[in-house]
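Overview (structure and organization)
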Amino acid sequence: MPSTNLLLEEPIRMASILEPSKPSFFPAMTKIVGTLGPRSQSVEIISGLLNTGMSVARFDFSWGDAESHRETLGNLKAAVKSTKKLCAVMLDTVGPELQVVNKSGQAISLKEDGFVTLTPNQEKDASSEVLPVNYSGLAKVVKKGDMIFMGKYLFTGSEITSVWLEVAEVKGEDVVCVIKNSATLDGTLFTLHASQVHIDLPTISEKDKEVISSWGVQNKIDFLSLSYTRHAEDVRQARKLLSSLGDLSQTQVFAKIENVEGLTHFDEILQEADGIILSRGNLGIDLPPEKVFLFQKAALHKCNMVGKPAVVTRVVDSMTNNLRPTRAEATDVANAVLDGSDAILLGAETFRGLYPVETVRTVGRICFEAEKVFNQDLYFKKAVKYVGEPMSHLESIASSAVRAAIKVKASVIICFTSSGRAARLIAKYRPTMPVLSVVIPRLSTNQLKWSFSGAFEARQSLIVRGLFPMLADPRHPAESTSATNETVLKVALDHGKALGIIKSHDRVVVCQKVGDASVVKILELED
């Protein structure tokens, strides 16, 4: 197991913990993904989310229709324009999710030690005795003693709004279950999770394909969150679909690990995916509780070492209805940062929570404090050791830039890039200062029209810890040998000064291409 990334310098002065932190333009290096929904749909609320630290907006198609999501996205674009803050868009698929539709919408009471039947007969109305499930094969894959979890919205584990069921008997296509705790199911849609049971449904459903092909293409999504990823082939199929849609060929695929199948095939999935989302709500159902932390730490370590973004979910559930997180939740957020998470994903907290803006602000502050005690030196050594020797040219330049920046106490690292790869490699080594990724657009043509690339690359860095993008003037190529490099550097420095991360007499490390060579240089700024 990797050593702890917590850094506390002796002697530890306890009173210093209460000293206020220095103000910073960036709420934290760790990014925040916010799920937009009924409580976070207006331009005003979304602007608040952007100003307090949200850099990726997630659209969950398990809830709401394309039209409501389209309206929310329109409001997001207006908020981006007014706040002048970039924000990426993530589409979250439904996948092979088991659901019960409660057509009447009336509350369903389930009593402990009673019985309820799960049936594939969609004609039946949901009641305290019968619950129609959208999967005809459930009776074939479960057996007596298996546990099934059911609840409204995302899995909360609350014994008031969610219920544990134990399979007592299989009758034809029906599954008879013993109710393990009393609960009241409220709403029109409930989700089910059968613990450690293989559900023989495609990872990308027909509904998912339709949404991606229409809503996804129209809005040029930056990330596809692939729910219930179980094999590397799932990622390959998603990428094949995106490639066939032309405009989405650059969309990154993030594999969402939600069950034991995904855990078992984690290494091959990581190799194929652009990033990983640890869906701890469902993982917490599928795994024994005492094993969840171990998987989180091991998975984040693996992602860190190969330089792929890792996102952790389900951190401050209680803030859905409360203004403050619990002590355990606050510690959990900090531990996710210390474990190496690139981003924290907020689901119900911003989707339907009462305090979406306050939640983003609180999580950002916790991340900021955790980053101050992140043991970068130990992490850097582990990353370098993992890469081994000989290093690739780009890897060597990236690690050298980070080492130089730390040694000279630079305030920022500026990296010129077209593809974004160089900037991501620098961020992989977790420098203690922000990495300003200057994305230089590339001009291309299909003989019919000119087009620029670069916007995708800039937005996709918004999920990488410590990486902050800016789009440069396309007339300044990243590998220019002329004085245009100095021009675009001045623009980047001015941008950094405007953000408040660069001041007079600061040292700045610059990473760029000059001809065929990659150069790392240290600048000391004058007045």
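What counts, and at which threshold
Numbers given for residues are sequential positions, taken from 1 along each chain in its written order. With the structure being a predicted model, the display of local features is reserved for residues of pLDDT at least 70 and the display and counting of side-chain atom pairs for 80 or more, all residues being used for whole-chain, interface and lining totals. Hydrogens and water are ignored here; the side-chain numbers use all heavy atoms of the structure. Only DSSP runs of H or I with at least four residues qualify as helices, and only runs of E with at least two residues qualify as strands; both kinds are numbered from the N terminus onward. In this treatment the radius of gyration is a C-alpha quantity, and the globule benchmark scales as 2.2 Å times the residue count to the 0.38 power. Relative accessibility thresholds used throughout: buried, under 20% of the residue-type maximum; exposed, over 50%; partly exposed, between the two (1.4 Å probe, protein chains only). By definition, residues are in contact when any of their heavy atoms lie within 4.5 Å. Using a 1.4 Å probe, accessible areas were evaluated by the Shrake-Rupley method; residue-level cover was limited to the displayed protein chains. Think of it this way: Lys and Arg go in the positive column, Asp and Glu in the negative one, and His and the chain ends go nowhere. Each charge is placed at NZ for Lys, CZ for Arg, CG for Asp and CD for Glu. A domain assignment, automatic or from a database, supplies the domain bounds used here. Using a 1.4 Å probe, buried area is obtained as the accessible area two parts lose upon being combined, added over both of them. Any Lys or Arg side-chain nitrogen located within 4 Å of an Asp or Glu carboxyl oxygen qualifies as a salt bridge. Within 3.5 Å is the distance limit for a polar contact, defined as a pair of N or O atoms, with the added protein rule that one can donate a hydrogen and the other accept it, and that residues adjacent in sequence qualify only through two side-chain atoms. Following DSSP output, two strands are said to pair if at least two bridges run between them. Helix axes use the C-alpha atoms of the stretch in contact, all axes being lines fitted to C-alpha atoms, and the angles between their N-to-C directions lie in the range 0 to 180 degrees. Under the convention used throughout, the expected extent of a helix is 1.5 Å for every residue step, that is, one less than its residue count. Here is the rule for angles: anything less than 35 degrees is roughly parallel, anything more than 145 is roughly antiparallel, 65 through 115 is roughly perpendicular, and the remaining ranges are oblique. The classification used treats Ala, Val, Leu, Ile, Met, Phe, Trp, Tyr, Cys and Pro as nonpolar, Asp, Glu, Lys and Arg as charged, and all other residues, Gly among them, as polar. A pair of aromatic rings is counted whenever rings of Phe, Tyr or Trp (Trp by its six-membered ring) have centres within 6.5 Å, and the orientation is called stacked for planes under 30 degrees apart, edge-to-face for over 60 and tilted otherwise.

Some thoughts on the overall build of the protein chain
- The helix and strand tally for the protein chain stands at 17 helices and 24 strands.
- The C-alpha atoms of the protein chain give 24 Å as radius of gyration, which agrees with the globular expectation for 527 residues (24 Å, within 12%).
- Reported as C-alpha extents along the three principal axes, the dimensions of the protein chain are approximately 75 × 65 × 45 Å.
- Relative to its full complement of 527 residues, the protein chain shows a buried share of 54%.
- At a minimum sequence separation of 6, the contacts of the protein chain that also span at least 24 residues come to 71%.
- When the accessible surface of the protein chain is summed, it comes to about 23,800 Å², and 53% of that surface belongs to carbon and sulfur atoms.
- Side chains of the protein chain give 60 positive and 60 negative charges; the mean places of these two sets differ by 5 Å.

Regarding the domain arrangement of the protein chain
- With domains assigned, the protein chain is organised as domain 1 (22-95 + 202-373), domain 2 (98-195) and domain 3 (376-525).
- At the interface, 34 residues of domain 1 touch 26 residues of domain 3.
- Summing both partners gives a buried area of about 2,600 Å² for domain 1 against domain 3, and 65% of it is carried by carbon and sulfur.
- Our count for the contact surface shared by domain 1 and domain 3 stands at 2 salt bridges.
- We note a salt bridge from Arg-430 to Asp-342, for which the minimum N-O separation is 3.2 Å.
- Connecting domain 1 to domain 3 are 15 residue pairs in polar contact (both at pLDDT 80 or more).
- At the level of secondary structure, the elements contributing two or more residues to the side of domain 1 that touches domain 3 comprise strand E1 (31-35), strand E2 (54-60), strand E3 (88-92), strand E14 (252-257) and helix H9 (289-306).
- Among the elements that make up the side of domain 1 that touches domain 3, the one with the highest residue count is H9 (3 residues).

Some thoughts on the sheet that holds E1
- Strand order in the closed barrel formed by 8 strands is E1-E2-E3-E13-E14-E15-E16-E17, and the pairing between neighbours is parallel. Pairwise comparison of adjacent strand axes, ignoring direction, gives a mean angle of 25° for this sheet.
- Strand direction decides the pairing type here: E14 and strand E15 (residues 275-278), joined by 4 bridges, are parallel. Among the inter-strand pairings, Phe-254 is bridged to a residue of E15, identified as Gly-275.
- Strand contacts of helix H2 (residues 66-83): E2 and E3, with the helix running at about 170° to E2, the strand carrying the most contacts.

With respect to the environment of Glu-526
- In this structure, Glu-526 sits in the segment after strand E24 (517-524).
- A relative accessible area of 67% places Glu-526 in the exposed class.
- Each C-alpha atom, one on Glu-526 and one on Asp-506, is 8.1 Å from the other, the two residues being 20 residues apart in sequence.
- Discounting residues that sit within four places of it in the chain, Glu-526 has contacts with Ser-504 and His-505.

Comments concerning H9
- A rise of 1.5 Å per residue sets the reference length of H9, with its 18 residues, at 26 Å; its end C-alpha atoms lie 27 Å apart and thus fit the reference within 8%.
- Among all positions in H9, only Val-292, Phe-295, Gln-296, Ala-299, Leu-300, Cys-303, Asn-304 and Met-305 are buried.

A word on helix H5 (residues 232-244)
- Under the 1.5 Å per step criterion, the end-to-end length of H5 is 19 Å for 13 residues, consistent within 8% with the ideal 18 Å.
- Taken residue by residue, H5 has Ala-232, Asp-234, Val-235, Ala-238, Leu-241 and Leu-242 as its buried positions.
- Of the surrounding secondary structure, the elements contacted by the buried residues of H5 are helix H4 (206-218), strand E13 (223-226), E14 and helix H7 (266-272).
- Residue Gly-246 follows H5 closely and has a positive phi angle near 70°.

Digging into the packing of helix H1 (residues 43-52) against helix H12 (residues 356-372)
- Contact pair H1 / H12: the axes reach a minimum separation of 9 Å and the direction vectors enclose 5°. One finds that H1 runs roughly parallel with respect to H12. Residues Ile-45, Gly-48, Leu-49 and Thr-52 of H1 lie in contact with H12, whose contacting residues are Pro-356, Val-357, Val-360 and Arg-361.
- Residues belonging to the contact of H1 with H12 are distributed by class as follows: 5 nonpolar, 2 polar and 1 charged.

Remarks on the pattern of salt bridges
- The final tally for this structure, using the stated rule, is 23 salt bridges.
- One salt-bridge network, in which partners are shared between bridges, spans Arg-58, Asp-60, Asp-92 and Lys-256.

Brief notes about the pairing of E15
- Taking every second residue as pointing to the same face, both faces of E15 are buried, with Gly-275 and Ile-277 on one and Ile-276 and Leu-278 on the other.
- Note: E15 against strand E16 (residues 310-313), 3 bridges, orientation parallel. The residue of E16 that forms the bridge with Ile-276 is Ala-310.

Describing the packing of aromatic side chains
- Counted according to the given criterion, the structure contains 7 aromatic pairs.
- Centre to centre, the rings of Phe-223 and Phe-254 are 5.2 Å apart; their planes meet at 75°, and the pair counts as edge-to-face. On the criterion of sequence distance, the pair formed by Phe-223 in strand E13 and Phe-254 in strand E14 is long-range, its members being 31 residues apart. For the pair shown, Phe-223 and Phe-254 are each scored as buried.
- Between the aromatic rings of Phe-374 and Tyr-379, the centroid separation amounts to 5.5 Å while the plane-to-plane angle is 50°, which identifies the pairing as tilted.
- For Phe-374, a relative accessible area of 8% gives the class buried.

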